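Tertiary structure, described
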Amino acid sequence: MASLIHHVTIDCADTYRLGSFWAEVLNAKLADDDKPGDPEALIVGDRIDLLFVAVPEGKAAKNRLHFDIQPSDRTRDEEVERLLAIGATLVADRRRPDGSGWVTLADIEGNEFCVERNAAERAAV
């Protein structure tokens, strides 16, 4: 049998704050025992868990790995606006006139991620 990914671990400065941001992005919640100041915070997901671990050093360069998220109940553009409103920042707008493309955002600690079109938007082109 092959190995399975147990969870994705994200190094960060403030586990509870960054975990809370991603919980809001994913419409999920942190584990019940996670509290501000904890060295770890966990989001248990339907498909994969995200573990946030405190490290002393800050982010220094572009991510080598990033999330591509696809909204399930709103359009890509609506999702981008929602994420900007909760604290994400715009890194690059790769939307094209024909409706294709994506938007690269950064979370509250500067980790880049992309927002793609939802399934209905992909099927419409």
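These lines cover the structure that appears in this document, whether it is placed above or below. Model, not experiment: these values are computed from the prediction.

1. Here's the deal with the overall build of the protein
On a plain count of helices and strands, the protein comes out with 3 helices and 7 strands. In the protein, the succession of helices and strands from N to C terminus is β-α-β-β-β-α-β-β-β-α. Taken against the 2.2 N^0.38 rule, which gives 14 Å for 125 residues, the C-alpha radius of gyration of the protein at 15 Å falls within 12% of a compact globule. Referenced to the eigenvectors of the C-alpha coordinate spread, the extents of the protein come out at roughly 45 × 35 × 25 Å. Across the protein, the fraction of contacts at a sequence separation of at least 24, relative to all contacts at a separation of at least 6, is 53%. For the protein, the exposed surface amounts to about 8000 Å²; the carbon and sulfur share of it is 52%.

2. Some details on the environment of Pro56
Position of Pro56 relative to the elements: it lies in the loop between strand 3 (49–54) and strand 4 (67–69). Residue class for Pro56 comes out exposed when judged on its relative accessible area of 83%. As for Pro56 and Cys12, which are separated by 44 residues in sequence, their C-alpha atoms are 8.2 Å apart.

3. Thoughts on the sheet that holds strand 5 (residues 89–93)
If you walk across this open sheet you meet the 4 strands as 4-7-6-5, and the pairing is mixed. The strands lining the two open edges of the sheet, one partner per strand, are strand 4 and strand 5. Averaged over all pairs of adjacent strands, the angle between their axes in this sheet comes to 30 degrees, without regard to strand direction. Across 3 bridges, the pairing between strand 4 and strand 7 (residues 112–115) is parallel. The residue of strand 7 that forms the bridge with Phe67 is Phe113. With respect to the sheet, helix 2 (residues 76–85) is in contact with strand 4, strand 5, strand 6 (103–106) and strand 7, its orientation differing from that of strand 7 by roughly 145 degrees.

4. Some words on the state of the cysteines
In the structure shown here, the tally under the stated rule is 0 disulfides. Cys114 provides the cysteine sulfur closest to Cys12, a residue in no disulfide bond, and the two sulfurs are 20 Å apart.

5. Overview of unusual backbone geometry
You will see that Asn27, though not glycine, has its phi angle at about 50 degrees, which is positive. For Asn27, the position within the fold is in the loop between helix 1 (15–25) and strand 2 (40–43).

Parameters at a glance
Each chain carries its own residue numbering, running from 1 in the written order of its sequence. Given that the model is predicted, a residue must reach a pLDDT of at least 70 before its local features are reported, and side-chain atom pairs must reach 80 or more before they are shown or counted; all residues, however, enter totals for whole chains, interfaces and linings. To obtain the side-chain values, all non-hydrogen atoms of the structure were used and water was disregarded. For helices the rule is a DSSP run of H or I covering at least 4 residues; for strands it is a run of E covering at least 2, with both sets numbered from the N terminus onward. Our radius of gyration is a C-alpha quantity, and the globule rule it is checked against amounts to 2.2 Å times the number of residues to the power 0.38. Contacts are assigned to residue pairs with any non-hydrogen atoms lying within 4.5 Å of each other. To be clear on the numbers: accessible area is Shrake-Rupley with a 1.4 Å probe, and residue cover counts the displayed protein chains and nothing else. We call a residue buried when its accessible area falls under 20% of the maximum for its residue type, exposed when it is over 50%, and partly exposed in between, using a 1.4 Å probe and counting protein chains only. Strands are labelled as partners when DSSP assigns at least two bridges between them. An axis is simply a line fitted to the C-alpha atoms; with a helix, the fit covers only the stretch in contact. Between two such axes, the angle follows the N-to-C directions and lies from 0 to 180 degrees. The criterion for a disulfide is a pair of cysteine sulfur atoms lying within 2.5 Å.

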